[in-house]
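# Examination of the molecular architecture
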Amino acid sequence: MSTRTSILTYPQGGIEYLTTGTGRPSTVLAHELAGSIATTRPFGSGVAGSQTYFHFRGHGASSSPESAWTYSALADELDAVASHVGATNALGVSMGAGAICHLVERVPDRFERVVLALPAVLDTPRTDSALERLLEMGRLAQEHDTEGVAELLLFDQPAEHRDEQVVRNRCRDQADTIVRTDVSRALRSIPHVTALHDRQSLTRVTAQVLVITQEDDPAHPLWVGREIAELVPNARLEVLPPGGILWSHRARVRELVREFLS
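Residues numbered from 1 in each chain as written. Predicted model: local features only at pLDDT ≥ 70, side-chain atom pairs only at ≥ 80, totals over all residues. Heavy atoms only, no water.

### As for the overall build of the protein
Within the protein one finds 10 helices and eight strands. Taking 18 Å as the expected radius of gyration for a compact globule of 262 residues, we find that the protein reaches 17 Å, a close match to that expectation. Taking as baseline every contact in the protein between residues at least 6 positions apart, the subset at least 24 positions apart corresponds to 73%. Once the 25 positive and 33 negative side-chain charges of the protein are each reduced to a mean point, those two points are 5 Å apart. (Helix = DSSP H or I, 4+ residues; strand = E, 2+ residues; numbered from the N terminus. Rg over C-alpha atoms; globule rule 2.2 N^0.38 Å. Contact = heavy atoms within 4.5 Å. Lys, Arg positive; Asp, Glu negative; His and termini not counted. Charge placed at Lys NZ, Arg CZ, Asp CG, Glu CD.)

Here you go:
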């Protein structure tokens, strides 16, 4: 399995990406805040054709331009990678889902099939408890408090999985990424911005859309996924029980994505 990445030259710098598989369909996969190519690859497991994973600004080996962290900027990077590889499908996780929503608001027929996993925001700024944790995480990151950031990340994981070593290791790895990179800057801006100008724009999206969300997830409110599924004409909503879509429900999520995108 290839793990050799490439750099796509882009007006704002370079975007690190990795393509696996061959042929059509071509799918671009976008990670969550403080995520990575590695954390997104499980979503593309078994999907037909080729899958292209990439790092948003400030993540991995991608550039970290001085321009603001906005969903518009993230959508530009997503579009650049998708155009480079000729992607007709897209999958986004949390922040990545927001970037896709912003892009299809601009270009409703940009993709043929879209998976939005754990969408977190629409056209109104967040005011919930998850926002407070993100802002606190940004403060701790500025102070280079890796342990503090890891604890906040762990708090967002399902209670039944918090003591598992693999979960704690992932939170520690993410915390290390946040503290030592410009991802910490994103935590001071992304929580305050919205993915869409007007949620009604989703009624013009032509793609087949699969929305995957889960119960009891304050960081990714269930109502956001429901709203998207109600607005997009050709949308299907999958609500999973609590437990983490890549912890308790990894096999089910892989099955859903594989069947939908293949």
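After that view, the rundown keeps rolling.
### Details of the nonpolar core
If you look at the biggest cluster of nonpolar residues, it comprises 63 residues, and the most contacted ones within it are Val 28, Phe 54, Leu 78, Val 149, Ile 178 and Ile 228. Residue contributions to this core peak at eight residues, all from helix H2 (residues 71–85). Setting aside its immediate chain neighbours within four residues, Val 28 contacts Thr 52, Phe 54, Leu 78, Val 81, Ala 82, Ala 87, Asn 89, Ala 90, Leu 91 and Phe 111. Ranked by size, the runner-up nonpolar core spans 21 residues in total, among them Leu 18, Tyr 53, Val 257 and Phe 260. (Core = buried A, V, L, I, M, F, W, Y, C linked by side-chain atoms within 4.5 Å. Buried < 20%, exposed > 50% of the residue type's maximum accessible area, 1.4 Å probe, protein only.)

### Focus: the sheet that holds strand E2 (residues 13–21)
The eight strands lie next to each other as E1-E2-E4-E3-E5-E6-E7-E8, forming an open sheet whose pairing is mixed. Of all strands in the sheet, those with a lone pairing partner are strand E1 (6–10) and strand E8 (235–240), marking the two edges. The mean angle between the axes of side-by-side strands here comes to 20°, regardless of whether they run parallel or antiparallel. Bridge count for strand E3 (residues 26–30) against strand E4 (residues 50–54) is four bridges, and the pairing is parallel. For Thr 27, the partnering residue across the bridge sits in E4 and is Gln 51. On the sheet, helix H8 (residues 222–231) packs against strand E6 (113–117), strand E7 (208–214) and E8 and is oriented at approximately 160° with respect to E8. Each of E3, strand E5 (89–93), E6, E7 and E8 is contacted by helix H10 (residues 250–261), which is oriented at about 175° to E7, the strand it contacts most. (Pairing = 2+ DSSP bridges. Axes fitted to C-alpha atoms, helices over the stretch in contact; angles between N-to-C directions.)

### A closer look at the packing of aromatic side chains
For the structure on display, the rule yields one aromatic pair. Seen in terms of ring centroids, Phe 54 and Phe 56 are 4.8 Å apart; in terms of plane orientation they differ by 75°. Their pairing is edge-to-face. What makes Phe 56 buried here is its relative accessible area of 0%. Looking at Arg 110, its charged tip hangs above the ring of Phe 111, at a distance of 4.8 Å from the centre. Over the aromatic face of Phe 155 sits the side chain of Arg 162, whose NZ or CZ is 5.2 Å from the ring centroid. (Phe/Tyr/Trp six-rings, centres within 6.5 Å; stacked < 30°, edge-to-face > 60°. Lys NZ or Arg CZ within 6 Å of the ring centre and 35° of its normal.)

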